[in-house]
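Understanding the architecture of this molecule
Here are the chains, one letter per residue:
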Amino acid sequence: MKIVEEKNEVTIVFAGDSGDGIQLTGTQFTTTNALFGNDISTFPDYPAEIRAPQGTVAGVSGFQLKFGSNEVYTPGDICDVLVAMNAAALKVNLPRLRKNGTIILNTDGFNAKDIKLAKYENNPLEDKSLDDYRTIQIDVSKLTKAALVDSGMGKKEIDRSRNMFVLGFLYYMYSRKLENTEKFIKEKFAKKPELIDANLKVLNAGYNYADTSEIFTSRYNVKAAELPKGEYRSIMGNQATAIGLVAASQKAGLDLFYGTYPITPASDILHELAKHKNFGVKTFQAEDEIAAICSVIGAAFGGKLGVTASSGPGIALKGEAIGLGVMLELPMVICNVQRGGPSTGLPTKTEQSDLLQAIYGRNGEAPMPVIAASSPSDCFETVYEAVRIAIEHMTPVFFLSDGYIANGSEPWKFPNPDSLKEIKAPFINGEVEKPFLPYRRDQNFVRRWAIPGVEGLEHRIGGLEKQDETGDVSYDPENHEKMVKIRQAKVDAVVNSIPLQEINNGLPEGEVLVIGWGSTFGVIKTAVKKAVEEGVKVGHIHLRYLNPLPKNLGELIQKFDHVIVPEMNNGQLVKILRDKYLVDAKGINKIKGIPFSTQEIIDAIEDSIIKV
Amino acid sequence: MSELEVLEQIKLSPKDFATDQDVKWCPGCGDYSILKQVQSIMPELGRKKEDIVFISGIGCSSRFPYYMNTYGMHSIHGRATAIASGLKISRPDLSVWIVTGDGDSLSIGGNHLIHMIRRNFDLNVLLFNNEIYGLTKGQYSPTSKAGKVTKSTPMGSVDHPFNPMALCLGASATFIARTLDRDPKHQREVLLQGSKHVGTSIIEIYQNCNVFNDGAFEVFTDKGSKPIETLMMESGQPLVFGAESEFGIKLDGSTPRVVELSSVSKNELWIHDEKDRFKAQLLTSFFDDPTVEGHLPRPFGVFYQEDRFRYEDAISQQIERAIEIKGKGDLAKLLSGNNVWKVG
């Protein structure tokens, strides 16, 4: 029996060729730990190429996760364990590993060809370059083959189940049971029983190998986290966005129409929604981004919940039509799962550089509400809010997410459907004025939703400037100015239906206020927590509502001496805050396609005090 | 009361479809005639006013919805087709009409047009073709003839023009027809046929822009040249033309030839069959420049129609099927997923 050593948290990165099943291995390890009760945060990191040349650095796919017995807000900065299926995977990920960290190596991925493809001068297993780490060398290919010697399977098929060996090995190492993955295998290969047998065999072989070999003397355990009581599931950001949309459509009593065009990293929302046709969801894969948003406008005109999603380049194409949506004053949600830009940029890497595009990126004065999710599970609540605002305020709404949270996952204390806010569409009931005035408004400047099929409400709308109330085409100068102001006032009035801003973490007043938005939530929270423990007087505000900003934000800002704004862009929210509040906010910017590390934020907090 | 009885009681007239808006096309524009014919066939659709939607893009023709007392949207350039697609998928119950021009649907909106056509939504497209950009004041369009001198092509256009009917058929259209602004009777007939087609009906209407491209189709409308230059197709009838119906079209293998009826009997002529895709392809290629010696006459009427499943129906069926298999969506189950664990 090996000794079991307790750990508070562990960060592991799985890495291999993009065909090695790394994402699946990572997801399985995540689910098993989540079901065990750990708090978890994950971050997949894969190449843009589906199958870049095998064995090369370009083809390395990675999956990072942190699991802990305490609350976990980020997938971790520095890894404790690296699983490298070949030399290229080692090369790419070694910088993420802490000194004295553990590397689990598949020795079969370190032959002369692999070394050459990874552009190593010498075999890292043979020179002294790994001396600072603890290496566990396993010939995974050979052991997998041995486990399947009687299976009659070919080499290619056998190699495909290597990831199960590694997974079994890690389950033993971290004192986890095989149950969850066994169940998964049985479901996944239900139609191919021979593959069930093979994968189960290899999984168990990995587990037993770890048990019987003398590779390590102790196992590890990470106790279940003390999360708030309740029922949990694991969820990825795009998945949360998709089911948030379904939930909102159900609560609003409106069928969901989702018109979109495939683009990384937003496509998974389409894949998820396409599974839920039994909720009346209609998904439409349009011929291009423009058709996607236009189909949504058509659906919205027809009285349905119209939603589209894309990423930066696609959003740019949709710009004109979004402006039409603003002009028509029809409800719709536009999701932008941001990625590195400009142009095609870094499709599989994360960035927050479309905030200004969302707020300002249309011709003319075309204001619209913009809100952003801060974590994978927060995508649910935030997109639900996006739908609520769109429908109740009769306006297109931007929902921002990014590649980091779209593909990342975490445990989610999912809500009971009854607890979700009601969403009430401003349809017309009962008597209506004659002639009907399609652009008559309520006190929040919201017009009514008059949909085809209703007698007496026949009316025409369009992209040309309209006369107040009647909606007739108007070139009157006074009217145009009035309409521009009305459309602005309408978006401003959304502020009345959103909550006041809270200090999300840290102190309510003090030296430094860190203001963030979007996926930097976890890392800022972790950093601020640490800084407060070290005695720094720091607070953290994380904005979900970016346009309009919460009413009390200005007051909260005044309670601090300094304001810093970390963003994964070249400084966008910081510009808005400086504009709106005349505050000397400083941007902390990282534009590398990868998230901030906790230390980077802590350093920024400390720097902002020292510099004064 | 049945739906039909309700409709009979309503008894709509063309006037019910006019709005209070001043019609702002140039005096003499061919659009007036189209507006009149469209309003005149509306009562014959058998639909209530509130179930009809007109959607347009940008261009002179696209002002159309403002003049129709139905639901309407004057959208953005080239996108009426895409907007109508979304509307039709989400509201299959509506009668949807797209009003577009040669610039709107064949240039900036070309992509949406072809994709909408292949999906075969049950809707109607009125393609006003005037072979010019009118609203932007006179640049050549994708249907302008090669060599066309316009403001943007002072030395003549070097663009080869689209053949709209051939393009639409190539995109798997299930109904294509051509008519003329200056032939109200023919126009009305074609509009009615198009409105009855279940699927996407494309109706190309040669429309004279008397300001920027006056007389572009004169050869097809002028009393003197019309009989010899136009071929009025009628289903089940031989293809004949000429003031005295003295000419006909005969297929020589796969080559159409003009023959004189004095020497060839009517029985030997090409009999028009709207269901024949191969022959429709030949007919759409009757697209010769009328100034060229030995050219074929230009066909008008319905080239082709077929019955094919509609995208919106297929989508609705999938939803029904999904409900059949999985049961109606259960939100609580969706939120919890399959792997739940309890804390505390």
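As a starting point, this report considers the structure included with it. Predicted, not measured: the structure shown is a model, and the values here were computed from it.

Our next topic: the overall build of chain A. Summing up its helical and strand segments, chain A has 20 helices and 23 strands in all. Here the C-alpha radius of gyration of chain A, 26 Å, is about what a compact globule of 612 residues would show, namely 25 Å. C-alpha extents for chain A along the principal axes are approximately 85 × 65 × 45 Å. Looking at chain A as a whole, 54% of its 612 residues are labelled buried. The long-range fraction of contacts in chain A, counting pairs at least 24 apart against all pairs at least 6 apart in sequence, stands at 76%.

Right, let's talk about the sheet that holds strand β18 (residues 505-506) of chain A for a bit. Note: strands within a sheet are paired through backbone hydrogen bonds, in either parallel or antiparallel orientation. Residue and element names in this part refer to chain A. Spatial ordering of the open sheet is given by β18-β20-β19-β22-β23, a layout of five strands whose pairing is mixed. Unpaired on one side and paired on the other, β18 and β23 (586-589) mark the two borders of the sheet. Across four bridges, the pairing between strand β19 (residues 510-517) and strand β22 (residues 560-567) is parallel. Considered in β22, the bridge of Leu513 is made with Val563. This element, helix α19 (residues 573-581), spans β19, β22 and β23 of the sheet and lies at about 145° to β22. Across the sheet, helix α20 (residues 598-610) is in contact with β19, β20 (538-543), β22 and β23; its angle to β22 comes to roughly 145°.

This part takes up the environment of B:Ser262. Summarising the element assignment, B:Ser262 is placed in the loop between β10 (255-260) and α10 (277-284). Spatially, the C-alpha atom of B:Ser262 lies 32 Å from that of B:Ile176, the residues being 86 residues apart in sequence.

Since the α-helix packs 3.6 residues into each turn, any two residues three or four apart lie on the same face. Residue and element names in this part refer to chain A. Spanning 12 residues, helix α6 (residues 162-173) covers 17 Å between terminal C-alpha atoms, matching the ideal 16 Å at 1.5 Å per step. For α6, the buried fraction is high: 11 of the 12 residues fall into the buried class. Looking only at α6, the buried set comprises Arg162, Asn163, Met164, Phe165, Val166, Leu167, Gly168, Phe169, Leu170, Tyr171 and Met173. At the C-terminal side of α6, Ser175 shows a positive phi close to 55°.

How big an interface is tends to be expressed through the accessible area that disappears when the partners come together. Facing the 60 residues of chain A at the interface are 51 residues of chain B. Secondary structure elements with two or more residues in the side of chain A that touches chain B: α1 (22-36), β9 (230-236), α9 (237-252), β10 (256-260), β11 (282-285), α11 (289-301), α12 (312-328) and β17 (460-462) of chain A. No other element matches α11(A), which puts nine residues into the side of chain A that touches chain B. Residues of the side of chain A that touches chain B, tallied by class, amount to 28 nonpolar, 18 polar and 14 charged. Alignment of β17(A) against strand β2 (residues 71-74) of chain B, held across three bridges, turns out to be parallel. Paired with A:Ile461 across the strands is B:Met73, a residue of β2(B).

Attention now goes to the packing of helix α3 (residues 80-90) of chain B against helix α5 (residues 110-119) of chain B. All names here are of chain B. Orientation of α3 relative to α5, taken along the N-to-C sense of each, is 35°, at an axis distance of 8 Å. In terms of crossing hand, the pair formed by α3 and α5 is left-handed. Where α3 abuts α5, its residues Thr81, Ala82 and Ser85 lie against His112, Leu113, Met116 and Arg119. Among the residues forming the contact of α3 with α5, the class breakdown is three nonpolar, three polar and one charged.

About the cut-offs
- Residues numbered from 1 in each chain as written.
- Chains lettered and ligands numbered in written order.
- Predicted model: local features only at pLDDT ≥ 70, side-chain atom pairs only at ≥ 80, totals over all residues.
- Helix = DSSP H or I, 4+ residues; strand = E, 2+ residues; numbered from the N terminus.
- Rg over C-alpha atoms; globule rule 2.2 N^0.38 Å.
- Buried ≥ 20, exposed ≤ 12 C-beta atoms within 10 Å, placed from the backbone.
- Contact = placed C-beta atoms within 7 Å.
- Pairing = 2+ DSSP bridges.
- Axes fitted to C-alpha atoms, helices over the stretch in contact; angles between N-to-C directions.
- Expected span 1.5 Å × (residues − 1).
- Nonpolar A, V, L, I, M, F, W, Y, C, P; charged D, E, K, R; others polar.
- Left-handed = near helix turned anticlockwise from the far one by under 90°.

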